[in-house]
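# Chains, contacts and geometry: an overview
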Amino acid sequence: MLSLQDVHTYYGKSHVLHGVSLEVGPGEVVGLLGRNGVGKSTTLKTVMGLVRAADGRVVFDGRDLTGLAPHHVARLGIAWVPEDRRIFRLLTVMENLRTGLDRQGVTEPRRRELLDKVYASFPVLRERRHQAGGTLSGGEQQMLAIARAMTLEPKIILLDEPTEGLMPRMVAQIREIIDVLRRDGLAILLVEQNVPLTLEVCARVYIMEKGQVRYRGPAGELRANETIIHQYLGVSA
Amino acid sequence: MIPFEQLLVQAINGIVTGMILALVASGLTLIFGIMDVVNFAHGDLFMLGAYVGTTVFVTTGNFWLALLGACVTMAALGAALQITTLRPLLGRDPLTTILATFGISLVLQNYALWQYGPVPRKIMEPLTGHFQLFHIEYPWYRLLIAMLSAVIIGGLWLFMKYGTYGIWIRATTQDRLMASAMGIPVPRVHTGVFAIGAAMAAASGVLFAPLVGVNHAMGFDFTLRAFVVVVVGGMGNLGGSILASIFLSLLEAFASLWVSPAQAVIVSFIVLILTLLFRPTGLFVPTPK
């Protein structure tokens, strides 16, 4: 469904992605692991069109996304949950959700249905719907970022380090929501530093190093192979 | 000791000027907030709006049609200017957009001079009566201006607060990249905001025209004052600009009880300097942590 083919990306003169290729099938949950600064977040931004791919192709549902503006990419069914959450801090929780809900082609009943679904997954957001996004706690902001992405009714969500800096209780909740999204048939490309969590929720995993994919394989294989984890990530699972 | 009546008259004068200034300044601050563009052509949109108003007024004889016609024409012109001149410069050094809008300003001014000539034109006010305010005859039209400005600003506020497009504008102002990733058509939002700003400038131009007469340089004075207001209120802060407009106009009105109105303007500049020295983010913004 989503495929990157030999994608090269630059920030100014620095070459960040050196030919990244990866694939995510419909409804598949795929992990993207790697140390800090190897280009995981840049990979997601390149898919969104927030950073322009200098070479290579990004294809989604048979359509070439390369060079497309981010708002067109979003409307094709790709949602992005950025690493730093990027909540609209001065907008209320409800207004944050409306950035995704107020689209063409969303009927009023459908809109209500979507909102109910989001609130059912994150009851705390309903309580705080009139509160400014910037006043939420870190965990609540992460929930809002995911909820906001869900309002776009995407086919795939690009999740960038959703558990970073969260308390264990919140991490468990994020984990649950990933399961819910998967059961709904959404594909997820998950960038994480939390190796055990990634191996638990993902079917397949890619490991990046220095702007390239160095390892690809089923999560089970990686779970059984401590050496690879240690070699590329410097941690043990 | 200054008599109480005179203080009250000056207070009303201050609020009336403040409301019209707020109308000019809110367009300016909206554009700055969302695009980081300091629009030096804003006063000329005000001026050209007033001229378009005179043309419609001469043809139809109807003040309200003149107001509407000027807003619609200037919104369209504003959108066209944004697409052709500013959109290609998005994300470039702010200096390039300053030069671009300065260039637009020169073109618009000279166009107005060429098209309409150097003799000032006038629009007749729709309301000519006066009412007795203590010892003076106060024109109803001045109060009407203040009320219409308040209505337009109130409308803008409702639009920004509840409308989908308003939420798009606020989201884009806060985080352009995230807004586009949420499917918000950011380039279209930019154009829309510029069009709204131009229409508001045109509205103030037409409302102000019966008081002063329309000439090709009338925008200059207003741009200058609107810039002072926008800085004092906090760049990009809509509410702050409105408060600052009224605050500064009141100060000037009261100052002119002691000094000539031309000298009273100095008060605004003193406030500007103090603001820049002690609260550079604006009087009405919480100081950032």
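Relevant structure appears above.
The shown structure was predicted, so the numbers you read here are calculated from the model rather than taken from an experiment.

Attention now moves to the overall build of chain B. Along its length, chain B carries eleven helices and two strands. Counting helices and strands in the order they occur from the N terminus, chain B gives α-α-α-α-β-β-α-α-α-α-α-α-α. Its C-alpha atoms give chain B a radius of gyration of 19 Å, within 12% of the compact-globule value 19 Å for 289 residues. Across its three principal directions, the C-alpha atoms of chain B cover 60 × 50 × 35 Å.

Right, let's talk about the nonpolar core for a bit. Within soluble globular proteins, side chains that are nonpolar tend to cluster in buried spots. Counting 156 residues, the largest nonpolar core has Leu158 and Ile188 of chain A together with Met74 and Ala202 of chain B as the members making the most contacts within it. A per-element tally of this core places helix α8 (residues 186–212) of chain B first, with 16 residues.

Before going further, it helps to examine the interface of chain A and chain B. Contacts between the two partners involve 22 residues from chain A and, on the opposite side, 16 residues from chain B. When contributions to the side of chain A that touches chain B are tallied by element, the ones reaching two or more residues are α2 (70–75) and α3 (93–101) of chain A. For the side of chain A that touches chain B, the residue count by class is eleven nonpolar, three polar and eight charged.

Residue and element names in this part refer to chain A. Overall, mixed pairing links the six strands, which are arranged β6-β7-β8-β3-β9-β10 in an open sheet. On the outer flanks of this sheet lie β6 (78–81) and β10 (212–218), each paired with one strand and no other. On average, adjacent strands in this sheet sit at an angle of 15° to one another, irrespective of strand direction. The sheet contact formed by strand β3 (residues 29–33) and strand β9 (residues 204–209) spans four bridges and is parallel. Within the sheet, the bridge partner assigned to Leu33 lies in β9 and is Ile207. The strands touched by helix α1 (residues 40–48) are β3, β6, β7 (156–160), β8 (187–191) and β9; relative to β7, the strand with the most contacts, the crossing angle is about 150°.

Residue and element names in this part refer to chain B. Here Gly205 lies in helix α8. Considered as a pair, Gly205 and Asp93 are 112 residues apart in the sequence and their alpha carbons are 31 Å apart. Here Gly205 is in contact with Phe46, Met47, Gly49, Ala50, Gly53 and Ala70, once residues within four sequence places are set aside.

Take unusual backbone geometry next. The backbone of Glu161 of chain A sits at a positive phi, close to 45°, despite the residue not being glycine. Along the chain, Glu161 of chain A turns up in the loop between β7 and α7 (168–183). A tally of 20 C-beta atoms within 10 Å means that Glu161 of chain A is categorised as buried. Positive phi outside glycine occurs at Asp36 of chain B, with the angle close to 55°.

All names here are of chain B. Where helix α1 (residues 4–35) contacts α8, the axes come no closer than 8 Å and their chain directions differ by 165°. Between α1 and α8, the crossing angle belongs to the class labelled roughly antiparallel. Judged by the sense of rotation from one axis to the other, the crossing of α1 with α8 is left-handed. Here α1 contributes Ile20, Leu23, Val24, Ser26, Gly27, Leu28, Leu30, Ile31, Ile34 and Met35 to the contact with α8, which in turn contributes His190, Val193, Phe194, Ile196, Gly197, Met200, Ala201, Ala203, Ser204, Leu207 and Phe208. Its residues assigned to classes, the contact of α1 with α8 comprises 16 nonpolar, five polar and no charged.

Bringing the sheet that holds strand β5 (residues 63–64) of chain A into the picture now. Think of a sheet as strands paired side by side through backbone hydrogen bonds, with each pair either parallel or antiparallel. Residue and element names in this part refer to chain A. The strand order across the open sheet built from four strands is β2-β1-β4-β5, with neighbouring strands paired in antiparallel fashion. Each of the sheet's edge strands pairs with one partner strand only, and the pair in question is β2 (14–24) and β5. The pairing of strand β4 (residues 53–60) with β5 spans two bridges and is antiparallel. Pairing of Val59 across the sheet is with Asp64, part of β5. Across the sheet, α1 is in contact with β1 (2–11), β2 and β4; its angle to β2 comes to roughly 75°.

Another aspect to go through is the environment of Gln109 of chain B. All names here are of chain B. Mapped onto the fold, Gln109 is located in helix α4 (residues 94–116). Along the backbone, Gln109 and Ser249 are 140 residues apart, and their C-alpha atoms lie at a distance of 26 Å. If we ignore the near neighbours within four places in the chain, the residues touching Gln109 are Asp44 and His216.

Parameters and conventions
- Residues numbered from 1 in each chain as written.
- Chains lettered and ligands numbered in written order.
- Predicted model: local features only at pLDDT ≥ 70, side-chain atom pairs only at ≥ 80, totals over all residues.
- Helix = DSSP H or I, 4+ residues; strand = E, 2+ residues; numbered from the N terminus.
- Rg over C-alpha atoms; globule rule 2.2 N^0.38 Å.
- Core = buried A, V, L, I, M, F, W, Y, C linked by C-beta atoms within 7 Å.
- Buried ≥ 20, exposed ≤ 12 C-beta atoms within 10 Å, placed from the backbone.
- Contact = placed C-beta atoms within 7 Å.
- Nonpolar A, V, L, I, M, F, W, Y, C, P; charged D, E, K, R; others polar.
- Pairing = 2+ DSSP bridges.
- Axes fitted to C-alpha atoms, helices over the stretch in contact; angles between N-to-C directions.
- Parallel < 35°, antiparallel > 145°, perpendicular 65-115°, else oblique.
- Left-handed = near helix turned anticlockwise from the far one by under 90°.

Any link to function would need more than the numbers given here.
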